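Here is how the chains run, residue by residue.
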Amino acid sequence: MHTCLFIQYHCQMNPQELTPSQWIAQCATRLGKRWRTAATSDLESAAVEVWRDARLRALSPEDAATAWLAPISEPPTTGNAHPST
């Protein structure tokens, strides 16, 4: 990945109209809002992983990043984390 991919695109485009580089850059920007201290190359690598998932790729880059982050963004459940056996 080139660091030039990490450009913020402010236009609202259909995800299918974005080039892979544009989609990945927008997704990396959204991931960077969650991981502010992460290196650009790490954000781009994570965004590539998100892009490789066809289900997520069909979403907008921002929505895909949000969905991908959901398991780690949700607050912990209350009570016993491990069910009794």
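The present account deals with the structure reproduced in this document. (Residues numbered from 1 in each chain as written. Predicted model: local features only at pLDDT ≥ 70, side-chain atom pairs only at ≥ 80, totals over all residues. Heavy atoms only, no water.)

### So, the packing of aromatic side chains
In this description, an aromatic ring pair is defined by two values, namely the gap between the centres and the angle between the planes.
Phase 1: Across all of its chains, the model carries 1 aromatic pair by this definition.
Phase 2: Across from the ring centre of W51, 4.9 Å away, lies the NZ or CZ of R57, which sits over that ring. (Phe/Tyr/Trp six-rings, centres within 6.5 Å; stacked < 30°, edge-to-face > 60°. Lys NZ or Arg CZ within 6 Å of the ring centre and 35° of its normal.)

### A closer look at the side chain of S60
Phase 1: Positionally, S60 belongs in the loop between helix 3 (54-57) and helix 4 (61-73).
Phase 2: Using a relative accessible area of 19% as the deciding quantity, one classes S60 as buried.
Phase 3: Looking at S60, its side chain comes within polar contact range of the main-chain nitrogen of D63, at 3.1 Å. (Helix = DSSP H or I, 4+ residues; strand = E, 2+ residues; numbered from the N terminus. Buried < 20%, exposed > 50% of the residue type's maximum accessible area, 1.4 Å probe, protein only. Polar contact = N/O pair within 3.5 Å; in protein donor to acceptor, adjacent residues only side chain to side chain.)

### Quick look at the environment of D63
Phase 1: Relative to the assigned elements, D63 resides in helix 4.
Phase 2: Overall, the relative accessible area of 47% leaves D63 in the partly exposed class.
Phase 3: Along the backbone, D63 and C27 are 36 residues apart, and their C-alpha atoms lie at a distance of 8.5 Å.

### Quick look at the nonpolar core
Phase 1: Ranked by internal contacts, the top residues of the largest apolar core, which has 15 residues, are W23, I24, C27, L31, A47, V50 and A64.
Phase 2: Contributing elements (two or more residues each) for this core: helix 1 (20-34), helix 2 (40-52) and helix 4.
Phase 3: Ignoring anything within four residues of it in the chain, the contact list for C27 reads A47, V50, P61 and A65. (Core = buried A, V, L, I, M, F, W, Y, C linked by side-chain atoms within 4.5 Å. Contact = heavy atoms within 4.5 Å.)

### Some points on the pattern of salt bridges
Pairs can form between side chains of opposite charge whenever their charged atoms are close.
Phase 1: As enumerated under the stated definition, the model contains 1 salt bridge in all.
Phase 2: Notably, a salt bridge pairs R52 with E49, separated by 2.8 Å at the nearest N-O pair. Note that R52 and E49 are positioned in helix 2 at a spacing of 3 residues, about one turn of the helix.
Phase 3: Its relative accessible area of 44% is what places E49 among the partly exposed residues. (Salt bridge = Lys/Arg side-chain N within 4 Å of Asp/Glu carboxyl O.)

### Section: helix 2
Phase 1: With 13 residues, helix 2 extends 18 Å between its outermost C-alpha atoms, agreeing within 8% with the 18 Å of an ideal straight helix rising 1.5 Å per residue.
Phase 2: Along helix 2, the positions that sit buried rather than exposed are L43, E44, A46, A47, V48 and V50. (Expected span 1.5 Å × (residues − 1).)

### A short note on the environment of L69
Phase 1: Locating L69 in the fold gives a position in helix 4.
Phase 2: Judged by relative accessible area, L69 falls into the buried class, the value being 1%.
Phase 3: Note: C-alpha distance between L69 and V50 (19 residues apart in sequence) is 9.9 Å.
Phase 4: In contact with L69, other than residues within four places in its own chain, are R30, L31, R34 and W35.

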